Amino acid sequence: MEQVKKIKIAYIGGGSRGWAWGLMSDLATCPDMTGDVYLYDIDFQAAKNNEIIGNKYNEVEGAVAKWSYRAVKTIGEALTGADFVVISILPGTFDEMESDVHVPEKYGIYQSVGDTSGPGGIIRALRTLPMMEEIALAIKEYAPNAWVINYTNPMTLCVSQLYKTFPEIKAFGCCHEVFGTQKFLSLVLNSEMGIANVHHKEIKVNVVGVNHFTWLTAAHYRDIDLLPIYRAYCEKHAKEGNPVLADKNWMNSTFKSAEMVKMDLFLRTGYIAAAGDRHLAEFCPGKWYLESPERVKDMKFGLTTVAWRKNDLKERLAKSARLISGEEALQLRVTGEEGVIQMRALLGLGDLVTNVNIPNMGQIPNLPLGAVVETNAQFTRDRVSPVMSGEIPPVVNQLVSRICNEQLVILEAVEKRDLNLAFAAFAADPLVTCSLSDARKMFDEMIENTKQYLTMYF
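Residues numbered from 1 in each chain as written. Predicted model: local features only at pLDDT ≥ 70, side-chain atom pairs only at ≥ 80, totals over all residues. Heavy atoms only, no water.

1. Considerations on the overall build of the chain
Right, so step 1: Looking only at helices and strands, one finds 18 helices and 13 strands in the chain.
Right, so step 2: Its C-alpha radius of gyration of 22 Å places the chain within 12% of the 23 Å reference for a compact globule of 458 residues.
Right, so step 3: C-alpha atoms of the chain, sized along the principal axes, occupy 60 × 50 × 45 Å.
Right, so step 4: Within the span of the chain, comprising 458 residues, buried residues form 58% of the whole.
Right, so step 5: For the chain, the proportion of contacts with a sequence separation of at least 24, taken over those separated by at least 6, is 72%.
Right, so step 6: Accessible surface, the chain: about 18700 Å² in total, of which carbon and sulfur atoms supply 51%. (Helix = DSSP H or I, 4+ residues; strand = E, 2+ residues; numbered from the N terminus. Rg over C-alpha atoms; globule rule 2.2 N^0.38 Å. Buried < 20%, exposed > 50% of the residue type's maximum accessible area, 1.4 Å probe, protein only. Contact = heavy atoms within 4.5 Å. Areas by Shrake-Rupley, 256 points an atom, 1.4 Å probe, with all protein chains shown as cover.)

2. Some thoughts on the packing of aromatic side chains
How two aromatic rings sit relative to each other is set out by the distance from centre to centre and by the angle between their planes.
Right, so step 1: Here the structure, examined in full by the defined rule, presents 12 aromatic pairs.
Right, so step 2: Ring geometry for F184 against Y233: centres 5.8 Å apart, planes inclined by 80°, an arrangement best described as edge-to-face. Of this pair, F184 sits in helix α7 (residues 177-193) while Y233 sits in helix α8 (residues 226-237), and the two are 49 residues apart along the sequence. The same class applies to F184 and to Y233, which are both buried. (Phe/Tyr/Trp six-rings, centres within 6.5 Å; stacked < 30°, edge-to-face > 60°.)

3. Some points on the pattern of salt bridges
Right, so step 1: Enumeration over the complete set of coordinates arrives at 25 salt bridges.
Right, so step 2: For E77, the salt bridge identified is with R70, shortest N-O distance 3.1 Å.
Right, so step 3: Exposure remark for E77: the relative accessible area of 33% places this residue in the partly exposed category.
Right, so step 4: Judged by its relative accessible area of 39%, R70 is partly exposed. (Salt bridge = Lys/Arg side-chain N within 4 Å of Asp/Glu carboxyl O.)

4. Here's the deal with the nonpolar core
Right, so step 1: By size, the foremost hydrophobic cluster in this structure holds 86 residues, and its most contacted members are V85 and L126.
Right, so step 2: When residues no more than four places from it in sequence are discounted, the contact partners of L126 are V414, L419, A422, F443, I447, L454 and Y457. (Core = buried A, V, L, I, M, F, W, Y, C linked by side-chain atoms within 4.5 Å.)

5. Focus: the environment of R17
Right, so step 1: Tracing the chain through its elements places R17 in the loop between β1 (4-12) and α1 (19-28).
Right, so step 2: Counting along the chain gives 99 residues from R17 to T116, while the straight-line C-alpha distance between them is 21 Å.
Right, so step 3: Beyond its immediate sequence surroundings of up to four residues, R17 is in contact with D43, A46, L313, R316 and L317.

6. Observations concerning the pairing of strand β7 (residues 203-210)
Right, so step 1: In terms of residue burial, β7 counts as a mostly covered element, since seven of its eight residues are buried.
Right, so step 2: Here eight bridges tie β7 to strand β8 (residues 213-221), and the two strands are oriented antiparallel to one another. Bridge pairing in β8 places K204 opposite H220.
Right, so step 3: Adjacent in sequence and paired antiparallel, β7 and β8 are bridged by two residues, among which H212 carries a positive phi angle near 70°. (Pairing = 2+ DSSP bridges.)

7. Here we look at the packing of helix α4 (residues 94-102) against helix α5 (residues 118-142)
Right, so step 1: Running from N to C, α4 and α5 point in directions that differ by 145°, and their axes come no closer than 8 Å. The crossing of α4 and α5 is right-handed. Facing α4, whose interface residues are E96, M97 and D100, α5 presents G120, I123, R124 and R127.
Right, so step 2: Here the contact of α4 with α5 is composed, by residue class, of two nonpolar, one polar and four charged. (Axes fitted to C-alpha atoms, helices over the stretch in contact; angles between N-to-C directions. Left-handed = near helix turned anticlockwise from the far one by under 90°. Nonpolar A, V, L, I, M, F, W, Y, C, P; charged D, E, K, R; others polar.)

8. What to know about helix α2 (residues 44-56)
Right, so step 1: With 13 residues, α2 should cover 18 Å at 1.5 Å per step; its first-to-last C-alpha distance of 19 Å lies within 8% of that length.
Right, so step 2: Those residues of α2 that sit buried are A46, A47, N50, E51, I53 and G54.
Right, so step 3: Lining the buried residues of α2 we find α1, β2 (33-40), β3 (67-72) and α14 (306-325). (Expected span 1.5 Å × (residues − 1).)

9. A few points about the pairing of strand β6 (residues 170-173)
Right, so step 1: Bridge count for strand β5 (residues 147-150) against β6 is four bridges, and the pairing is parallel. The partner of N150 across the bridge, within β6, is G173.
Right, so step 2: Once you follow β5 into helix α6 (residues 155-165) and on to β6, the crossover reads as right-handed. (Right-handed = clockwise from strand over helix to strand, strands pointing away.)

10. Re α1
Right, so step 1: Most of α1 sits inside the fold, with nine of its 10 residues counted as buried.
Right, so step 2: Of the positions making up α1, those classed as buried are A20, W21, G22, L23, M24, S25, D26, L27 and A28.

Written out as structure tokens, the structure reads:
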């Protein structure tokens, strides 16, 4: 097989101890591309460590492509001549995220993730979007024709900011949440009809919404309409959850759930909510699923604490040291992410249809034009074309449009450096169920806790 050679990938956030390693594994197992990956991170040593780890992937058994990894000290060096740019950054530290997630608990507000919506997602956006402005300006200067793949949350707002700063940018946001729902539909198909071993990509879906609050208005396996089958499944299992997971010790897993939020939302609306329960819950009115830790437990999902994230980071730092020293051997694994597959399609190595986050060009007619939305899109040689997904049904749109408009307000608040406008969006968020005076106290405390990343607002 012939390879497309001399591809240059710039990785912004190249010191990542998670996403970067997954990308390295995916690149090593892709037989028809090869080239260089330039790693840029404000923590240069972290990027340097990943340079060592990345180059070790070339020697792992099963690697079919060799890539050269190089840590660099300037974003310009990383971007110059890049064909692709990958953005995967942590905006601030977990100390700031600890405030995002846990300060609202003092006001009776609980968040299961805290990185996309709700009070935590809004404060995170205020410090993340100015970083995205800087990255977009650098891309405009050094790599204006590169394709830009964003993995950073809040996904919708990050991609929106890239386009707001550099309208000609060729950017899209990637998220795997819809894939998980397709896998769940495969399980439902097996349970209800005895059709086993259906790969999630064989479940064809129509995707509408915004990131982490995506919905399927149609789902088929071959000629089988899955919506009535899913309804029957939900009517049987919504009260106790997915039987494959509900009886297991799911509470010891940080990210798994028994799909009870997903099923409850279907029974409320008649359409399939297509993200994980932890994310879906945060976009809904606060008393639905996040009223209290007891309610969360009843719905069989979890509140991901920042203490867990801090401990996980320690473990990943230790793993990084072991991989560098050779104490732990690298292993190739298929991540399930589609970044490399998308790169292949953009290089002309095969067409692809998948869900992405890009500006609304009319693919969802009843959401604002220009707002970043999540739908299917077709990837072909140097082109991403949105699939016309149609209007969001009114029963769902009453939930989605509120979030979409909140995101537009936050984007405007960042552009104007206006914390009062940001507070207006914050106070109106569906999770902020406290009084206006308490909302103000909470907002001010959260701003104070992350102020070293918010100097541009003062």
